[in-house]
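Single-letter residue listing:
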Amino acid sequence: QVQLVESGGGLVQAGGSLRLSCAASGRGFSSYAIGWFRQAPGKEREFVAAISWSASDTDYSDSVKVRFTISRDNAKKTVYLQMNSLKPEDTAVYYCAADKIGWPIRRQNDNYSYWGQGTQVTVSS
């Protein structure tokens with residue numbers, strides 16, 4: 001079982017940057033794909049980005065492609081989400097999640113077995 005803890009959220013002005021971290025404990029992390037999802041008030045949770053177990057593959061939603069970069073360090077059991085050129089519509093609670101199927105990358109919430117508690121990202125205009 002894997003436990004996930006997100007950090008790095010906060011308040012930033014539009015056009016700014018933040019780097020989120022997802023730190024894992026427990027077994028299996030290095031064989032799992034990791035995804036980032038977000039949920040804005042009144043909206044459903046949506047896929048943001050994901051990375052395969054070996055980091056060979058990444059996937060991004062159209063809304064964040066080019067602006068966000070996902071990476072991982074399996075030795076540190078940590079996945080990062082570098083967010084640049086932030087927009088007010090990026091405001092949401094961001095969650096990381098682990099998919100036991102390490103590859104291929106999947107986008108659906110139901111495929112992810114373990115979830116963190118989330119970190120708030122607020123982008124002011």
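For clarity, every value in this text was computed on a predicted model and none was experimentally measured.

## Re the overall build of the protein chain
In step 1: Across its full length, the protein chain carries zero helices and eleven strands.
In step 2: Along the chain direction, N to C, the helices and strands of the protein chain fall in the order β-β-β-β-β-β-β-β-β-β-β.
In step 3: Rg of the C-alpha trace for the protein chain: 13 Å, near the compact-globule value of 14 Å for 125 residues, within the 12% margin.
In step 4: With the principal axes as the frame, the protein chain shows a C-alpha extent of 40 × 25 × 25 Å.
In step 5: For the protein chain, contacts bridging at least 24 residues in sequence account for 60% of all contacts bridging at least 6.
In step 6: Put simply, the protein chain shows about 6,300 Å² of open surface, and 47% of that area lies on carbon and sulfur atoms.

## Quick look at the pairing of strand E5 (residues 46–51)
In step 1: Counting buried residues in E5 gives five out of six residues, a clear majority hidden from the surface.
In step 2: Bridge count between strand E4 (residues 33–39) and E5: five bridges; the pairing is antiparallel. Bridging from a neighbouring strand, Gly-35 pairs with Ala-50 of E5.
In step 3: Linking E4 to E5, which pair antiparallel, is a turn of six residues; within it Gly-42 sits at a positive phi near 75°.
In step 4: Of the strand pairs in this sheet, E5 and strand E6 (residues 58–60) are connected by three bridges, and their pairing is antiparallel. When the bridges of E6 are listed, Ala-49 appears paired with Tyr-60.
In step 5: Taken together, E5 and the strand that follows it, E6, pair antiparallel across an intervening segment of six residues, in which Ala-55 is found at a positive phi of about 70°.

## Remarks on the sheet that holds strand E3 (residues 18–26)
In step 1: Spatial ordering of the open sheet is given by E1-E3-E8-E7, a layout of four strands whose pairing is antiparallel. Looking at the sheet topology across the chains shown, the edges are occupied by strand E1 (2–7) and strand E7 (68–73). Direction aside, neighbouring strands of the sheet carry axes that sit 15° apart on average.
In step 2: Direction of pairing for E1 relative to E3: antiparallel, over a ladder of six bridges. Note on E3: the bridge partner recorded for Val-2 is Gly-26.

Conventions used here
- Residues numbered from 1 in each chain as written.
- Predicted model: local features only at pLDDT ≥ 70, side-chain atom pairs only at ≥ 80, totals over all residues.
- Heavy atoms only, no water.
- Helix = DSSP H or I, 4+ residues; strand = E, 2+ residues; numbered from the N terminus.
- Rg over C-alpha atoms; globule rule 2.2 N^0.38 Å.
- Contact = heavy atoms within 4.5 Å.
- Areas by Shrake-Rupley, 256 points an atom, 1.4 Å probe, with all protein chains shown as cover.
- Buried < 20%, exposed > 50% of the residue type's maximum accessible area, 1.4 Å probe, protein only.
- Pairing = 2+ DSSP bridges.
- Axes fitted to C-alpha atoms, helices over the stretch in contact; angles between N-to-C directions.

Bear in mind that shape data such as this cannot, by itself, settle questions of function.
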